[in-house]
Amino acid sequence: MDSRKLSELRAFVRLCKQNPGLLHTEELAFLREWVESMGGTIPPAPANASTEETSKGKAEEQPEEPVKPPEPESEESDLEIDNEGVIEPDNDAPQEMGDENVEVTEEMMDQANEKKIEAINALSEGELQKAVDLFTDAIKLNPCLAILYAKRASVFVKLQKPNAAIRDCDRAIKINPDSAQTYKWRGKAHRLLGHWEEAARDLALACKLDYDEDASAMLKEVQPRAQKIAEHRRKYERKREEKEIKERMERVKKAREEHERAQREEEARRQAGGAQFGGFPGGFPGGFPGAGGMPGMAGMPGLNEILSDPEVLAAMQDPEVMVAFQDVAQNPANMSKYQNNPKVMNLISKLSAKFGSKP
């Protein structure tokens, strides 16, 4: 089953638990019937639910109140995280990475190894920038050695340049995705930036690949914050899903009400049209002479067919003709009163011709 649909169903069930009155809405009648058919019981409707149906008719006649816009929800409104130790991101230009396509000779490998040893010595003496420069020289000589990027990343972390460290770790992981040290230093860099979830993922993976006490200690520090953020996101998603369900139910309800209103208006128009034309079959109450009232008329054509004749339509808009027409419709014998009225007889002749008979 679609996980999205399951998530929406869970949100709907939570919504019903919070507000059992929803189960007594007209839109969910099918759900009440199904639950009861399975032997379940529906919680009693709230006190105000009994008056809902009785007031429905009046509410429909009253103008709709303007819908209040929903109050904006802030995802961060109730999230508080301890950001102690978080620093401003470094925005230096990207460091040199070396040419991945260079053909590395044995001599270049040896030179790169010498530079690496010099860089480690500089690092042990606290000369961090010198260590970075020497690791950069080594990388340019052997740009496909992942450990060189990981080592330089460790120095960038000490220099509090986390973005530079992350770039080095990304390159190292591209070369060797199974290096625990690389994930450790990238996790530490994310911790400096306050990227708690990313830091927790990288540090956990580092410990999984090769347990490290330093990485484990930092993981214990960042993991509670990462979990707090994840729980907040789940809470926000639940609220969003519940809101979507409410809005969907409102749209369904509104569409149904509009459909019912349109049906009522259409019925009112049909009734008004029938009253206007004195009442023939299919919208003309009382019958037309000849269609059950005038001998020899086989049946009444459709109203649209009759009104498509411009002369008939014009005659029906003449009050004098319509008064006479209603008189004849009520009593066909009264037709003799209008034998000398060309307007009336012309309309009757037109309609009689459509019925296939003579007046």
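Residues numbered from 1 in each chain as written. Predicted model: local features only at pLDDT ≥ 70, side-chain atom pairs only at ≥ 80, totals over all residues. Heavy atoms only, no water.

J.: With reference to specific residues and values, describe the overall build of the protein.
T.: Across its full length, the protein holds 14 helices and zero strands. Starting at the N terminus and ending at the C terminus, the protein contains elements arranged as α-α-α-α-α-α-α-α-α-α-α-α-α-α. For the protein, the proportion of its 359 residues judged to be buried stands at 36%. Within the protein, counting contacts between residues at least 6 apart in sequence, those at least 24 apart form 59% of the total. For the protein, the accessible surface area stands at approximately 22200 Å², while carbon and sulfur atoms represent 52% of it. (Helix = DSSP H or I, 4+ residues; strand = E, 2+ residues; numbered from the N terminus. Buried < 20%, exposed > 50% of the residue type's maximum accessible area, 1.4 Å probe, protein only. Contact = heavy atoms within 4.5 Å. Areas by Shrake-Rupley, 256 points an atom, 1.4 Å probe, with all protein chains shown as cover.)

J.: So what's going on with the packing of aromatic side chains? Which residues, and what values?
T.: On inspection of all chains with the given rule, the structure shows zero aromatic pairs. Above the face of the Trp-185 ring, Lys-184 is positioned so that its terminal group lies 5.1 Å from the ring centre. The ring of Trp-196 carries Arg-225 above its face, with NZ or CZ at 4.4 Å from the centroid. (Phe/Tyr/Trp six-rings, centres within 6.5 Å; stacked < 30°, edge-to-face > 60°. Lys NZ or Arg CZ within 6 Å of the ring centre and 35° of its normal.)

J.: I'd love a proper account of the pattern of salt bridges, names of residues and values included.
T.: The full count for this structure, using the stated rule, is 20 salt bridges. Between Asp-214 and Lys-184 there is a salt bridge, with the nearest N and O atoms lying 3.4 Å from each other. Linking Asp-214 in helix α10 (residues 213–276) with Lys-184 in helix α8 (residues 180–193), this pair joins segments that are 30 residues apart in sequence. What makes Asp-214 partly exposed here is its relative accessible area of 35%. Given a relative accessible area of 8%, Lys-184 falls into the buried group. Linking Asp-202 and Arg-186 is a salt bridge whose minimum nitrogen-to-oxygen distance equals 2.8 Å. (Salt bridge = Lys/Arg side-chain N within 4 Å of Asp/Glu carboxyl O.)

J.: Could you give an account of the environment of Leu-28, naming the residues involved and the relevant values?
T.: Counting through the fold element by element, Leu-28 comes out in the loop between α1 (3–18) and α2 (29–37). Here Leu-28 falls in the buried class, since its relative accessible area comes to 8%. C-alpha separation for the pair Leu-28 and Met-249, spaced 221 residues apart in sequence, amounts to 9.5 Å. Contact partners of Leu-28, with chain neighbours within four places excluded, come to Phe-12, Leu-22, Leu-23 and Met-249.

J.: Could you give an account of the nonpolar core, naming the residues involved and the relevant values?
T.: In this structure, Ala-153, Val-155, Phe-156, Val-157, Ala-165, Trp-185 and Ala-189 are the most contacted members of the largest nonpolar core, which totals 18 residues. Listing elements by their share of this core, those giving two or more residues are α4 (106–124), α5 (128–141), α6 (146–158), α7 (162–175) and α8. Once residues lying within four places of it in the same chain are set aside, the contact partners of Val-157 are Ala-165, Trp-185, Lys-188, Ala-189 and Leu-192. The next biggest cluster of nonpolar side chains, apart from the first, holds 15 residues, and it includes Val-312, Met-316, Ala-324 and Tyr-338. (Core = buried A, V, L, I, M, F, W, Y, C linked by side-chain atoms within 4.5 Å.)

These results come straight from atomic positions and should not be treated as a statement about function.
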